[in-house]
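As a plain string of letters, each chain reads:
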Amino acid sequence: MGKRQTIEISTAEAKRQMDIISQLSHHIKDKGLKYFTQTFGCQMNAHDSEKIQGMLTQMGYTETDKEAEADLILYNTCCVRENAENKIFGKLGYLKKLKRLKPDLMIALCGCMMQQDIILENLKKNYRHVDIIFGTYNIYKLPELLQTRFETGKKVIDIWDSHQDIVEDLPSERKFLFKACVNIMYGCNNFCTYCIVPYVRGRERSREPQDILKEIRTLVEDGVKEIMLLGQNVNSYGKTLDTPMSFADLIREVNKIEGLERIRFMTSHPKDLSDDLIAAMAECDKVCNSLHLPFQAGSTNVLTRMNRRYTKEQYLELVRKVKAAMPDIALTTDIIVAFPGETDEDFEETMDVVRQVRFSGAFTFVYSKRTGTPAATMEDQIPEEVSKERFNRLLDLVNSTQAEHMQSFIGKVTDVLLEEVNKQDATLLSGRTSEGILVHVKADQSFIGEIVNIKIISAKTHYLMGELVSDECE
Ligand code: SAH
Ligand code: SF4
Ligand code: F3S
């Protein structure tokens, strides 16, 4: 399909949903209906939920943080690991009771978990109290699905096997006024053998650069200072566009936007992290001093079976290049322990990478078998006692390298975007450094949304304590 035709369809579709939103809004407002949403999984899902909340607000719903008070409960689900799915089934058990007390309650499920046939069958058979089910490709259709449910009184299930057009320009509700996420691409083509994401999010497709830049400019006009560019593998951005563009060049364009102060992005796949991207990161002043670069496993043998397409040495070489270009950069990573067939020696290679790179933070996961992925049928699945023991050893090491990194900030003055009042102590504000590290500081609430210089006075494993540098206090 030509680009022009795609844009027309996408615009017509957005308009159709907006019309339904305005038709529904009288009914919903008059009744004073409330919604509750809960999001599981990654930033991608969190960002989808902002779009869902934007549509619900425009439909006239008000938000509540109490499930028991809500007229519409929506869970945006994740299936990357088994425990994410178990949480949803637990929640649905509770909702069955709630719906008995409140028969008008509407229950909606969406997100990655819905894209799996076995899950859908299970929901249809055993969880009949769910009213609306949709997937990852048709979020923008929520107004229409709700309308159908209101009008027919029947369960609405709408799951697509693959994506259609990228629908632009729908409302979105941001949690913070001054920072926002922006999708630059959807889906993933990598098929790491343990991972379900390519099956539930479809093939890789990039948004047009002009749509991305327009969205960011609008956000900046609206007060946004920091943006996070989102994609499962941002480093392969732009390859499928009619006029291809590299991620490095996209960053250079974003960096030119006046009024924008910070650029973050995730996730980077090591196999596609080019020298040009490293150069762009170093030369663009707005790109934050951090990089999330998952390595998953230290052993090249395991990496091969994971289909990651790089070796331990190549990963370490990349880290060397990144650190040479940006010496103080904070590196974070994802690590999987106990992939099928992982030997003690393989695991020691993972520990070795952590010792060598000294990450400023790491998300560590025990391998979780996902039906339908190649790794699920591999031999030598690792017993739980072994995976737990490895996981705990890894976590201790990760915590100690992280603590060391945190200590290195003491006495330094660093810029922090102050985000919110501290949840435990209302005299403190909390914010993040360019490295993405959490900082608490005594400051007036008027500083929320400002980037200020803060002197770091002490460090814990997961956060820093600081004080405002004096010219900010005057
Ligand atoms: N696209 C991103 C990550 C998406 S999923 C990337 O490639 O880096 C986030 C993380 O979940 C992955 O990096 C991986 O560490 C972890 N993960 C994915 N599938 C998993 C599984 N089956 N078991 C355990 N961890 C998994
Ligand atoms: Fe999953 Fe690999 Fe794609 Fe990341 S790159 S989403 S881990 S398949
Ligand atoms: Fe989960 Fe889907 Fe993200 S499976 S990790 S919410 S892409």
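Residues numbered from 1 in each chain as written. Chains lettered and ligands numbered in written order. Predicted model: local features only at pLDDT ≥ 70, side-chain atom pairs only at ≥ 80, totals over all residues. Heavy atoms only, no water.

Novice: Go over the UniProt feature "domain: MTTase N-terminal" (unreviewed entry) in the chain with me, naming the residues and quoting the values.
Specialist: Here, UniProt's "domain: MTTase N-terminal" (unreviewed entry) annotation points to residues 33-151. The straight-line gap between the two end C-alpha atoms of residues 33-151 is 16 Å; of that span, 47% is helix and 19% is strand. (UniProt positions renumbered as here; feature names shortened; annotations may be inferred. Helix = DSSP H or I, 4+ residues; strand = E, 2+ residues; numbered from the N terminus.)

Novice: Give a detailed account of the nonpolar core, specifying residues and quantitative values.
Specialist: If you look at soluble globular proteins, the nonpolar side chains tend to sit buried side by side. One finds I216 and F247 to be the most contacted residues of the largest nonpolar core, which totals 69 residues. If we ignore the near neighbours within four places in the chain, the residues touching I216 are V182, I227, L229, V254, I257 and L260. Counting residues in each nonpolar core, the second largest holds 27 residues, with I73, A84, Y127 and I133 among its members. (Core = buried A, V, L, I, M, F, W, Y, C linked by side-chain atoms within 4.5 Å. Buried < 20%, exposed > 50% of the residue type's maximum accessible area, 1.4 Å probe, protein only. Contact = heavy atoms within 4.5 Å.)

Novice: So, the site of ligand 2: which residues are in play, and what are the values?
Specialist: Taken together, the neighbourhood of ligand 2 is formed by C188, N190, F191, C192, Y194, C195, V197, P198, Q232, H269 and R308. Looking at side-chain class alone, the shell around ligand 2 contains seven nonpolar, three polar and one charged residues. (Near = heavy atom within 4 Å. Nonpolar A, V, L, I, M, F, W, Y, C, P; charged D, E, K, R; others polar.)

Novice: So what's going on with the pattern of salt bridges? Residues and values would help.
Specialist: What the rule picks out here adds up to 35 salt bridges. Ionic pairing is found between K179 and E419, a salt bridge with its closest N-O pair at 3.0 Å. Residue K179 is found in strand 7 (residues 179-183), and its partner E419 is found in strand 15 (residues 413-421); the two are separated by 240 residues along the sequence. Exposure remark for E419: the relative accessible area of 8% places this residue in the buried category. One salt bridge in this structure joins E404 and R358, with 2.7 Å as the shortest N-O distance. You can see E404 sitting in helix 13 (residues 384-407) and its partner R358 sitting in the loop between helix 12 (344-357) and strand 14 (361-366), a full 46 residues away along the chain. Note on R358: relative accessible area 35%, which makes it partly exposed. (Salt bridge = Lys/Arg side-chain N within 4 Å of Asp/Glu carboxyl O.)

Novice: So, helix 5 (residues 142-152): which residues are in play, and what are the values?
Specialist: Burial in helix 5 covers these residues: L142, P143, E144, L145, L146, Q147 and R149. One or two positions beyond helix 5, positive phi appears at G153, with a value near 75 degrees.

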